[in-house]
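What follows is the residue order along each chain.
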Amino acid sequence: MKKTTAPDLIELKRRGERIVVLTAYDYTTARIVDGAGVDALLVGDSLGMVIQGHETTLPVSLDDLLYHTRCVARAKPSALLVADLPFGTFQRGPEATLDASIRLVQEAGAEAVKIEGAEDRLLCIERVAKADIPVWGHLGLTPQSVHAFGGYLVQGRDDIDARRMVDAARKIEAAGASAMVLECIPAGLAEEITGNVGIPTIGIGAGPGCDGQVLVFHDLLGFIADFQPRFVKRYAEGATLLGEALRRFADEVRSGEFPASEHSFSMSPRQRESTPNAAGPDGDS
Ligand code: KIV
């Protein structure tokens, strides 16, 4: 399949074609997600929650992002490989942002990076874009600002905030971003932002008026049974499905049904002669 690049996503918006993005954090799931034909794989700092079991994305380090991005890059995805910049990178300014971005590209194989927020972050976006590293913005409920927001709350619900966000989106584009995530904002506001920028908007909890949609792999597949926010549609009941398969394995081990002869290796005829009491399958390949 043809490799998808950052400019390809802008072209998809121009043609009015919807963009599909999913998170991936490891080699095996990256292969599955890429095989499903998505346009971009995001190594999100959501890995702090779904992989590491933290309550926020804040403990995720640059080393964590480098490690997981490397794992995903080994799948050689056709999709664009985007890596999140973790907490403590763009918050330290443009130089720290550029250093971290270069490491993600050079050491881990990222093809674009994502920066949360606007205002002072615009300089960070500009610095990275000027180094020819495609950069995505991220507006709305930016999870690294959870403590400043006072929780995981829908953003842009009052008019002043909404106007500020439309303005910020234009500035993110002007700073050189090639796409932006809109997270947990009213659908009408996301649609207005989408109509006001030439780069693709990728929504999560931002309604159908965005140029594309992103979900967290584990949420979409129902891997975390007790987590289902309003904006997630489950396409499988993963926790139930996998739980059932694993219980079946445990039952079969305990009953002796597994492993059967087709899962076992036979001794060579010479070994069999010298150990006549040994049980085991008659032959294998
Ligand atoms: O970290 C992440 O997975 C994200 C997406 C939810 C947009 O930023």
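Here, the structure is the one placed above.
The notes below deal with the structure included here. (Residues numbered from 1 in each chain as written. Predicted model: local features only at pLDDT ≥ 70, side-chain atom pairs only at ≥ 80, totals over all residues. Heavy atoms only, no water.)

## Let's talk about the environment of Glu-116
- Within the element layout of this structure, Glu-116 appears in the loop between strand E4 (112–114) and helix H6 (121–130).
- Residue class for Glu-116 comes out buried when judged on its relative accessible area of 2%.
- Remark: the alpha-carbon pair of Glu-116 and Ala-96, spanning 20 residues in sequence, is separated by 14 Å.
- When residues no more than four places from it in sequence are discounted, the contact partners of Glu-116 are Asp-45, Phe-90, Arg-121, His-138, Thr-142, Pro-143, Gln-144 and Ser-145. (Helix = DSSP H or I, 4+ residues; strand = E, 2+ residues; numbered from the N terminus. Buried < 20%, exposed > 50% of the residue type's maximum accessible area, 1.4 Å probe, protein only. Contact = heavy atoms within 4.5 Å.)

## Focus: the site of the ligand
- Close to the ligand lie Thr-23, Leu-42, Gly-44, Asp-45, Ser-46, Asp-84, Lys-114, His-138, Val-181, Ile-204 and Val-214, which account for all nearby residues.
- Within the contact set of the ligand, an oxygen atom lies 2.5 Å away from a side-chain nitrogen or oxygen of Ser-46.
- Starting from 260 Å² of accessible surface for the ligand in isolation, the protein chains cover 96%. (Near = heavy atom within 4 Å. Polar contact = N/O pair within 3.5 Å; in protein donor to acceptor, adjacent residues only side chain to side chain. Areas by Shrake-Rupley, 256 points an atom, 1.4 Å probe, with all protein chains shown as cover.)

## Topic: the pattern of salt bridges
- Using the criterion set out here, one finds 16 salt bridges in the structure.
- When the shortest N-O distance is used, the salt bridge between Arg-234 and Glu-237 registers 3.0 Å.
- Residue classification places Glu-237 among the partly exposed residues on the basis of a relative accessible area of 41%.
- Each of Glu-11, Arg-14, Arg-15 and Glu-17 takes part in a single network of salt bridges with overlapping partners. (Salt bridge = Lys/Arg side-chain N within 4 Å of Asp/Glu carboxyl O.)

## Here's the deal with the packing of helix H8 (residues 159–174) against helix H9 (residues 187–196)
- Taken N-terminus to C-terminus, the directions of H8 and H9 make an angle of 30 degrees; their axes are 10 Å apart at the nearest point. When the axes of H8 and H9 are compared, the pair comes out roughly parallel. The handedness of the crossing between H8 and H9 comes out as right-handed. Along the contact surface, H8 presents Ala-162, Arg-163, Met-165, Val-166, Ala-169, Arg-170 and Glu-173, while H9 presents Leu-189, Glu-192, Ile-193 and Asn-196.
- Considering only residue class, the contact of H8 with H9 consists of six nonpolar, one polar and four charged. (Axes fitted to C-alpha atoms, helices over the stretch in contact; angles between N-to-C directions. Parallel < 35°, antiparallel > 145°, perpendicular 65-115°, else oblique. Left-handed = near helix turned anticlockwise from the far one by under 90°. Nonpolar A, V, L, I, M, F, W, Y, C, P; charged D, E, K, R; others polar.)

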